[in-house]
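Results of the structural survey
Residue-level listing of the chains:
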Amino acid sequence: MKNWVCDSGQKLEVFIPFLGKYRPFLGRCCQTCTPKSWDGFYHKHLSSLGFRNAIRVTEEDTRYRGWLVRRICGFLAVWDWKVPVDIPRDLPDRICCSRRLCNWALLKLLNRLFLGVQLHRGQLEMVLRAARTPNVPLVFLSTHKSHLDGLLLTFLLFSQGLGVPRVTVGSQACSPRLRALLARLGAIFLPSRMEQAPSDQEEGLLGAVLATYVEEVLRSRQPLLIFLEEPPLALHLSAPAQQWLAMVYRAVRDGAIPDVLLVPVGIAYDVIPGGSQQEGARGAQPLGLGACLWAACGTLRQNRGCARVDFAQPFSLQEFVAKNLVGRSCGGKRLEELLLPTILGTCPSQLDAKVTEVWSPGPTSATGVEVEEEILVTKLGLHSLSDGVACSAVMAVGITAALLLHKHREGVFLSRLMRDFAWLLEEILLRQRDVGFSGQLHALVQHSLTLLRARLTLYHLAPIGDVLVVPEASAVALRELRYHSADILPVFASEAVGACAIHALLMEMLPFLGVTVGPSSIVLSQDELHRKTLELLLLLPLNLLGLQPCQPLDCLSQDIVDKLLLCGLLEAEELESERWVCDLAPRPSCSRRPLAGMDFTDSDSDSQDEVPKRCFKLSEPQGSPGLLLFLCRLLRPVLRTYARAVAFLDRPSWPQPEPAYVEALLQFLSEEDAFEHPDRSLALSSLQTFKEMGVLEEVRAPAGPLLRLARPFQSSASRGKLEAFIQQFTRP
């Protein structure tokens, strides 16, 4: 942040939204899974190309000049957009003419909805280079925030010369008229019978027809757009996305096309068009044209925000498959084997050994080839989803909402909020994550407060010349703040896990500490910190944290400790006898000689018992007061949902269908806390973890699979141990 004095003498605070010469360049592909693609389509000069507003069209974007052109430049620019010459001959007649008119209307609509839609020119150049690869189509794998995403991305791809994309539609039910209109504009739907548990013969026929159609789309090098999520279930790979990815994988496996270049896409909004998705909207009547028009009219009445679309580096599907088929995850241990001994105390912990990967078994009824394909497609989807989240920019409203939710829920002065905004912005940029805004600090905070104004109360205090900002203490206000600040957790996920592990260790030491012992007098053992971090990484799905699923857990744990050292929460410390050492990990039984009786004559001895233990001291980072508490609060909603889901286990009558369990759990969560709105995404994450841990198990029934409590957790004592295990990371 810099101070500038204008001609009138007014002092302005302006921040530069990047560290060093350039902003962080987002979207490099994974070096572990796709090392050959790392250098493809990328050059270091791309990071300096800057941004462009994709919905700002002037006469410079047309072949004509003049005052009349300036008035109709949007229409002329859309009509001049080129369609690739190698597409099917009948495609322009069927789609492109409709697309041009639709894009002209979309250009008008997007300018009414957003102040700007930013694209990074360097990211766009990478995708354009990939599009010129002979005989290799592009498949865009995008995060999903709003029902407007499909229209926005098709407009952007077509306007930037990437062709007429085909957009896959998930499980959203549409009326026949809307379905016909979207199909004419390039949408592809899963056959309705495939979503209604058809017979094997019907499923095989419909699946074969759809797979052949997808092969023809890819063979003709038409871009394919697949949404990996379904709002409001953020960071969850949807079932329709897995089906579409499986078709793309089979097209490459069967030789219909030589390869596919996958492009993860991240979308970020200041305010999501139409507002946050309501839970009650799921499973409602089919979406129709009237509902779409009514939603569009409601969106136009909202305050305008900004949007940002980021394209990650394209990577080869063939290379990803080759890397992940070798040494599949079936060699790892089950989550049940790793966590249950620690939770129930039935046998020594399995976390002392090197934990690299957790194996989630596939369906028992599937063949080996089907299980391998399902595991591979799931890995691909989760990896692409984490890539899309990692390349997404953080918006100004998200920063402000996170500060109001996790640091200043009782209220804050505007001057303090601006200082914290600048602090959090710097912390985000230090973690190599970009932001989707630039400008004066005061203007940015004011812009954010304007968009959040409906859930805030502002008190202008004339005597002190400041403004008091107070969030509403209501369930709706807290839900919206949490929804807007959701993009902050993936940025600080590693540090948040480490902070909660430190919190758990301090809670274990609390009964043994005196009143005069301060945090700086406590030394944490690396082994114990590593163990607590692994426990939390095993408890929470990595996709929920936005972490890459290909990284070994022990490497993630070490990376978390390194990041805690880097951000200043921990300092390396030599073990001193007068300090408190938090080291409660079980030790293998061995006779250790006292120091006086040891023989130091053999200098080549590398006995493990003689290696000094590495320890860390807690510290307060300079310029970041309350960072530890802020990081713990980022994960608090997740851990509270998990703990309350354990308390719910003694409510239902077992067995019961999974949908009934989820709805009953959401109802229970809404009754437990009047000021917290239940999050369906977190409820489903807890269900996934409980099934993998062996807390819940599926039993087959004529009407479909049912859930029931596993034998170890049918006793209240075992459920109490599980709840205490979760609460150790979040208990105040």
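Per chain, the residues get numbers from 1 upward, laid out in the order the sequence is written. In keeping with the model being predicted, local features are shown solely for residues with a pLDDT of at least 70 and side-chain atom pairs are shown and tallied solely at 80 or more, while totals for entire chains, interfaces and linings include all residues. Side-chain numbers come from the whole structure's heavy atoms, not from hydrogens or water.

1. Considering the packing of helix 8 (residues 239–253) against helix 10 (residues 317–325)
- Simply put, an axis is a line fit to the C-alpha atoms, just over the touching stretch for a helix, and the angle between two N-to-C directions goes from 0 to 180 degrees. Note on conventions: DSSP H or I runs of at least 4 residues are helices, E runs of at least 2 residues are strands, and numbering of each starts at the N terminus. As a packed pair, helix 8 and helix 10 sit with axes 11 Å apart at the nearest point and diverge in direction by 90 degrees. By the angle class used here, helix 8 and helix 10 are roughly perpendicular. Two secondary-structure elements touch here, helix 8 through V248, Y249 and V252 and helix 10 through L317, Q318 and V321.
- When residues are grouped by polarity, Ala, Val, Leu, Ile, Met, Phe, Trp, Tyr, Cys and Pro land in nonpolar, Asp, Glu, Lys and Arg in charged, and all others, Gly among them, in polar. By residue class, the composition of the contact of helix 8 with helix 10 is 5 nonpolar, 1 polar and no charged. Any angle that falls under 35 degrees is termed roughly parallel, while one over 145 is termed roughly antiparallel, one within 65 to 115 roughly perpendicular, and all others oblique. Residue contacts are defined here by distance: any two heavy atoms, one from each residue, within 4.5 Å place the two residues in contact.

2. Section: the sheet that holds strand 14 (residues 456–461)
- Reading across the sheet, the 3 strands line up as 12-15-14 and stay open at both edges, with antiparallel pairing between neighbours. Edge positions in the sheet fall to strand 12 (412–413) and strand 14, since each of these pairs with one other strand and no more. A pair of strands is considered paired only if DSSP assigns at least 2 bridges between the two.

3. Things to note about empty space enclosed by the protein
- Cavities and pockets were defined on a 1 Å grid built over protein atoms only: a cavity is a set of grid points that admits a 1.4 Å probe from which the probe cannot escape, a pocket is an open set flanked by protein on both sides within 12 Å along at least five of seven lines, and lining residues are those with an atom within 4 Å of any such point. Grid points are joined across faces, edges and corners, and a volume is the space filled by probe spheres set on the points. Across all of its chains, the model carries 3 cavities of 30 Å³ or more by this definition.
- Lining the second largest cavity, in full, are R112, L113, F114, V271, P273, T299, L300, Q302, N303, R304 and G305.
- At the level of secondary structure, the elements contributing two or more residues to the lining of the second largest cavity comprise helix 3 (91–113) and helix 9 (289–300).
- When the residues that make up the lining of the second largest cavity are grouped by side-chain class, the tally is 5 nonpolar, 4 polar and 2 charged.

4. Quick word on the packing of aromatic side chains
- What counts as a ring pair is set by centres within 6.5 Å for rings of Phe, Tyr and Trp (its six-membered ring), and what kind of pair is set by the plane angle: stacked under 30 degrees, edge-to-face over 60, tilted for all other angles. Evaluation of the coordinates by the stated rule reveals 12 aromatic pairs.
- Geometrically, the ring pair formed by F315 and F320 is tilted, given 6.2 Å between the ring centres and 45 degrees between the ring planes. There is no split in this pair, since F315 and F320 are both buried.
- Aromatic pair F725 and F729: ring centres 5.8 Å apart, planes at 90 degrees, arrangement edge-to-face. Here F725 and F729 have matching classes, each one buried.
- Members of the aromatic cluster, connected to one another through ring pairs, are F648, W654, Y661 and F668. The classification of residues rests on relative accessible area computed with a 1.4 Å probe and restricted to protein chains. Under 20% of the type maximum is buried, over 50% is exposed, and intermediate values are partly exposed.

5. Thoughts on the environment of H408
- Here H408 shows up in the loop between helix 13 (396–406) and strand 12.
- Those residues in contact with H408 that sit more than four places away from it in its chain are L403, R416, D420 and P471.
- Polar contact criterion, stated in full: a pair of N or O atoms within 3.5 Å, where within protein one must be able to donate a hydrogen and the other to accept it, and residues adjacent in sequence count only if both atoms are side-chain atoms. Here the side chain of H408 touches D420 through a polar contact of 2.5 Å, side chain to side chain.

6. Details of the confidence of the model for the protein chain
- Within the protein chain, residue pLDDT values average 81, and 78% of them lie at 70 or more.
- pLDDT expresses how confident the predictor is about each individual residue, on a scale running from 0 to 100. Ranking the elements of the protein chain by mean pLDDT puts strand 1 (residues 2–5) last, at 44, and strand 5 (residues 138–142) first, at 97.
- For the stretch residues 277–283, pLDDT sits under 50, and the model shows 15 contacts to residues farther than four places along the chain or on other chains.

7. A closer look at the pattern of salt bridges
- Each salt bridge in this description consists of a side-chain nitrogen of Lys or Arg and a carboxyl oxygen of Asp or Glu lying within 4 Å of one another. A complete count under the given rule lists 23 salt bridges for this structure.
- Ionic pairing is found between R219 and E216, a salt bridge with its closest N-O pair at 2.5 Å. Taken as a pair, R219 and E216 lie in helix 7 (residues 200–219) at a separation of 3 residues, close to a single helical turn.
- Linking E535 and K532 is a salt bridge whose minimum nitrogen-to-oxygen distance equals 3.7 Å. Here E535 and its partner K532 are both found in helix 19 (residues 526–539), 3 residues apart, which amounts to about one turn of the helix.
- Residue E535 is classed as buried on the basis of its relative accessible area, which comes to 1%.
- One salt-bridge network, held together by shared partners, links E508, E528, R531, K532 and E535.

8. Re the sheet that holds strand 20 (residues 656–657)
- The strand order across the open sheet built from 3 strands is 20-22-21, with neighbouring strands paired in antiparallel fashion. Looking at the sheet topology across the chains shown, the edges are occupied by strand 20 and strand 21 (696–699).
- Two strands pair when backbone bridges link them, and strand 21 and strand 22 (residues 706–709) are joined in this way by 4 bridges, in the antiparallel orientation. Paired with L696 across the two strands is L709, which belongs to strand 22.

9. Some details on the layout of surface pockets
- Roughly 1,200 Å³ of volume is contained in the second largest pocket.
- Residue lining of the second largest pocket: 43 residues in total, with A390, R431, Q432, R433 and K563 positioned closest to the centre.
- Secondary-structure elements contributing two or more residues to the lining of the second largest pocket are helix 12 (368–390), helix 14 (414–430), helix 17 (488–491), helix 18 (493–509) and helix 21 (553–567).
- For the lining of the second largest pocket, the leading source of residues is helix 21, giving 6 residues.
- The residue inventory of the lining of the second largest pocket, partitioned by class, reads 22 nonpolar, 13 polar and 8 charged.

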